[in-house]
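Take a look at the letters that make up each chain.
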Amino acid sequence: MPPIFDRIYATVARIPSGRVATYGDIALHLGMPQGARTVGWAMRKCPHGLPWHRVINAQGKSSLRGEARERQYALLAKEGVGAGIGGRIDLEQYRWQEI
DNA sequence: TGCGTGACTTGAC
DNA sequence: CGTCAAGCCACGC
C-alpha cells in the first residue's frame, strides 16, 4: 500500500484535459471523506508533470494566491475550462465525473 | 509522543 | 451572496 501521497498524485494524474476535480472529490475517492485538507497539503509539493491546475476547491475557484492563481486559470482556459464571474468555474459542467 | 500547519469543507449569520 | 468558526487528516519537527 503506497503512501497516501502517491495515491493522491496518481488520482490527479488521471484527471482528463478539459475537466477539473475538487480536493474533496479526490479525498473521497481515496476513502477519506474528510481528508480534503490532506489532499491540499500533498499538492503543495506539486511533482513535475502533474496536472495540478485541474484541482480546485469546492467553491469552483482556485485556492492558490498571487501569480500561481492566474497561471492556473490560464492553463485551464487553454483546455477549454472557462471561469465565470468572479473567477468561478462551473463544477456542474466541468467536474470530472468518472472519478 | 505531541502540536502546529495547510492549495479544504460545510453550516450559521 | 460574503464572512466566520469549527471540524478533520497526514506530515514534520
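Whatever comes next refers back to the structure up there.
The present account deals with the structure reproduced in this document. Not measured: the values here are computed from a predicted model.

Some remarks on the pattern of salt bridges
Move 1: Counted by the stated rule, this structure contains three salt bridges.
Move 2: One salt bridge in this structure joins Arg 95 and Asp 25, with 2.7 Å as the shortest N-O distance. Taken together, the residues span a long stretch of sequence, with Arg 95 in the segment after α5 (91–94) and Asp 25 in helix α2 (residues 23–29) at a distance of 70 residues.
Move 3: Asp 25 gets classed as buried once you look at its relative accessible area, which sits at 16%.
Move 4: Glu 70 is the partner of Arg 69 in a salt bridge, and the nearest nitrogen-oxygen pair spans 4.0 Å.
Move 5: On the basis of relative accessible area, Glu 70 is assigned to the partly exposed category, the value being 48%.

Things to note about helix α3 (residues 36–43)
Move 1: For α3, the full list of buried residues reads Val 39, Ala 42 and Met 43. Looking straight down α3, one finds its buried side chains confined to an arc of 100°; they lie on one side.
Move 2: Residues of α3 that are buried in the fold lie against α1 (4–13), α2 and β2 (55–56).

Structural notes on the protein's contact with DNA strand B
Move 1: What surrounds DNA strand B is a group of 18 residues, the closest being Tyr 23, Arg 37, Arg 44, Asn 57 and Ala 58.
Move 2: Each atom of DNA strand B within 4 Å of the protein belongs either to a base or to sugar and phosphate, the latter forming 41%.
Move 3: Measuring from a base nitrogen of DNA strand B, one finds a side-chain N or O atom of Arg 37 at 2.7 Å.
Move 4: Contacts to DNA strand B include Met 43, whose backbone N or O atom sits 3.4 Å from a base nitrogen.
Move 5: Going through the elements one at a time, α2 and α3 are the ones with two or more residues in the surface near DNA strand B.

Reading the values: rules and limits
- Residues numbered from 1 in each chain as written.
- Chains lettered and ligands numbered in written order.
- Predicted model: local features only at pLDDT ≥ 70, side-chain atom pairs only at ≥ 80, totals over all residues.
- Heavy atoms only, no water.
- Salt bridge = Lys/Arg side-chain N within 4 Å of Asp/Glu carboxyl O.
- Helix = DSSP H or I, 4+ residues; strand = E, 2+ residues; numbered from the N terminus.
- Buried < 20%, exposed > 50% of the residue type's maximum accessible area, 1.4 Å probe, protein only.
- Arc of directions from axis to C-beta.
- Contact = heavy atoms within 4.5 Å.
- Near = heavy atom within 4 Å.
- Polar contact = N/O pair within 3.5 Å; in protein donor to acceptor, adjacent residues only side chain to side chain.

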